[in-house]
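Chain by chain, the residues:
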Amino acid sequence: MRAGVKKLVMNKALDLGAMSFNKEGGVINWFPGHMAAATRAIRSRLKVADLVIDVRDSRIPLSSANQDLQPQLVGKRRVVALNKKDLANPNIMHNWMDYFESQNQVCLPINSHSKSSVQKLLELVEFKLKEAISREPTLLVMVIGVPNVGKSALINSIHRIASERFPVQDRIKRATVGPLPGVTQDIAGFKIAHHPSIYVLDTPGVLVPSIPDIETGLKLALAGSVKDSVVGEERIAQYLLAVLNTRGTPLHWRHLNSSRSEKNHDHLDKPDYDIKNLRPPNRRPPSVSPVLYIEGILTEVQRALYTSLNEFNGNVKEENNLENLIEEQFELLQKAFKIPHKASEARLMVSKKLLTLFRTGKLGPFILDDVPDNGTSPAP
């Protein structure tokens, strides 16, 4: 964690005590009861799974892992699917691929909305299961993931591919799927292969994220795995600005303003956040297209962040200096987003719009987690 960010997230301005983090880590206590029930059901299903697809957010390859399930995954065939690869920095992604390979973990960056990407994942799954074919006539694959990593989108894509391969889906019948020998159960799933039959289980619910420290919680919130209302949009936006400033990201935007109109706007595949939130209703001139209007707003945002950081005389590694810079940027962003000066919830509106730009990839591709150094604890 960069020094300036570390001090800021521990500062009272970003006090996350309301989130009830455990000092020793572990789950947080504000998730609904149905999530805890789903986690128990997933643990039970894991016992019968021949392979697990561990879906994570490419922007937070470690922070989006569910730590509590890791002991149960030891020794089990697993593919780590780094979803939303279109939102992750491709220049850093290969370092993460090398890291997972060094940990003897199979990893594949994917886009759950892309049919070809999901097909590559299924081909890898079938390849990994070949060694089990001689022992089991029916093989079961389980998909797990914390909220908003794209697990549901991936399962829906798998379902569509399965329906194309096998229009009439068989019910899964497998002996000894329970703890007692000779027990047969029906399990809902999609057939993706024949000889042997391979089914992807319809996994119940979503997992509760594990949050060992405050910054991991902020990363999960920034990526959308923790509800904004729990942490607070302003706190998440403060953290985003701290990350951008300490990384010097806005300094790379000095040349983007003139070339923005030349970029391809179709590189995102069904983003999780609605870009329409950036447009105030009935305020856009009728002659301006929605895309051009949003791109104009983006240019103003980039210019504001670039100018403020470029002209900043302080040290972003120092907590107070970084806080002052962020306060100045909030004021500049209010103008960039064309939010009325006296709006009672101006900071909240700025925060929501800035988060939308980040989550839809408009601010560029990012990976928030740092690749662990050699010799650190094994990857989850």
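Here is what the cut-offs are and how they apply
- Residues numbered from 1 in each chain as written.
- Predicted model: local features only at pLDDT ≥ 70, side-chain atom pairs only at ≥ 80, totals over all residues.
- Heavy atoms only, no water.
- Pairing = 2+ DSSP bridges.
- Helix = DSSP H or I, 4+ residues; strand = E, 2+ residues; numbered from the N terminus.
- Axes fitted to C-alpha atoms, helices over the stretch in contact; angles between N-to-C directions.
- Contact = heavy atoms within 4.5 Å.
- Buried < 20%, exposed > 50% of the residue type's maximum accessible area, 1.4 Å probe, protein only.
- Salt bridge = Lys/Arg side-chain N within 4 Å of Asp/Glu carboxyl O.
- pLDDT = per-residue confidence, 0-100.
- Expected span 1.5 Å × (residues − 1).
- Arc of directions from axis to C-beta.
- Parallel < 35°, antiparallel > 145°, perpendicular 65-115°, else oblique.
- Nonpolar A, V, L, I, M, F, W, Y, C, P; charged D, E, K, R; others polar.

Looking now at the sheet that holds strand 4 (residues 138–144). Judged by pairing direction, the sheet is mixed, and its six strands sit side by side in the order 3-2-1-4-8-7 without closing on themselves. Of all strands in the sheet, those bounded by a partner on one side alone are strand 3 (106–109) and strand 7 (189–193). This sheet shows a mean twist of 25 degrees between the axes of neighbouring strands, independent of strand direction. On the sheet, helix 4 (residues 90–102) packs against strand 1 (51–57), strand 2 (77–83) and strand 3 and is oriented at approximately 160 degrees with respect to strand 3. Across the face of the sheet, helix 6 (residues 151–165) comes into contact with strand 1, strand 4, strand 7 and strand 8 (197–201) while running at roughly 55 degrees to strand 7.

Checked against the element boundaries, Ala88 lands in the loop between strand 2 and helix 4. Those residues in contact with Ala88, other than ones at most four positions away along the chain, are Ser58, Arg59, Met93, Pro365, Phe366 and Ile367.

By secondary structure assignment, the location of Gln67 is in the loop between strand 1 and helix 3 (70–73). Sequence-wise, Gln67 and Val208 are 141 residues apart; in three dimensions their C-alpha atoms are separated by 9.8 Å.

Here we take up unusual backbone geometry. The residue Asn104 is not glycine, and still its phi comes out positive at about 60 degrees. Take Asn104: it is sitting in the loop between helix 4 and strand 3. Its identity as a non-glycine residue notwithstanding, Lys338 has a phi of 60 degrees, on the positive side. With respect to the helices, strands and loops of the structure, Lys338 is situated in the loop between helix 12 (319–336) and helix 13 (346–359). The exposure class of Lys338 is partly exposed, given its relative accessible area of 43%.

On to the pattern of salt bridges. A side chain with one charge can pair with a side chain of the opposite charge if their charged atoms come near. Taken as a whole and judged by the stated rule, the model has eleven salt bridges. A salt bridge links Asp57 to Arg59; its shortest N-O distance comes to 2.8 Å. The class of Asp57 is buried, set by a relative accessible area of 0%. Between Glu327 and Arg347 there is a salt bridge; the shortest N-O distance is 3.1 Å. Separated by 20 residues along the polypeptide, Glu327 in helix 12 and Arg347 in helix 13 bring together distant segments of the chain. With a relative accessible area of 35%, Glu327 lands in the partly exposed category. Where salt bridges share partners, they join Asp54, Arg56 and Arg78 into one cluster.

What follows covers the confidence of the model for the chain. In this model, the chain carries a mean pLDDT of 79, and residues with pLDDT of at least 70 account for 73%. Summarising per-element confidence for the chain, the mean pLDDT is lowest in strand 6 (residues 184–187) (43) and highest in strand 3 (97). Every residue in residues 12–30 is under pLDDT 50, and counting partners more than four places away or in other chains gives 42 contacts.

What follows deals with helix 5 (residues 115–129). Three- or four-residue spacings in an α-helix give side chains the same orientation, since the helix completes a turn every 3.6 residues. Compared with the 21 Å implied by 1.5 Å per residue over 15 residues, the 21 Å span of helix 5 between its first and last C-alpha is a close match. Within helix 5, burial applies to Ser117, Val118, Leu121, Leu122, Val125 and Leu129. Down the axis of helix 5, the sector holding all buried residues measures 140 degrees, keeping them to one side. Opposite its buried face, helix 5 presents the exposed residues Lys120, Glu123 and Phe127, each directed more than 90 degrees away.

This part covers the packing of helix 12 against helix 13. Two numbers describe a pair of packed helices, the interaxial angle and the distance between the axes. The contact between helix 12 and helix 13 brings their axes to 10 Å, and the two run at 85 degrees. On the basis of their axis angle, the class for helix 12 and helix 13 is roughly perpendicular. Residues Glu327, Phe330, Leu333 and Gln334 of helix 12 form the contact with helix 13, whose own contacting residues are Ala346, Arg347, Val350, Ser351 and Leu354. Looking at the contact of helix 12 with helix 13 residue by residue, the class counts come to five nonpolar, two polar and two charged.

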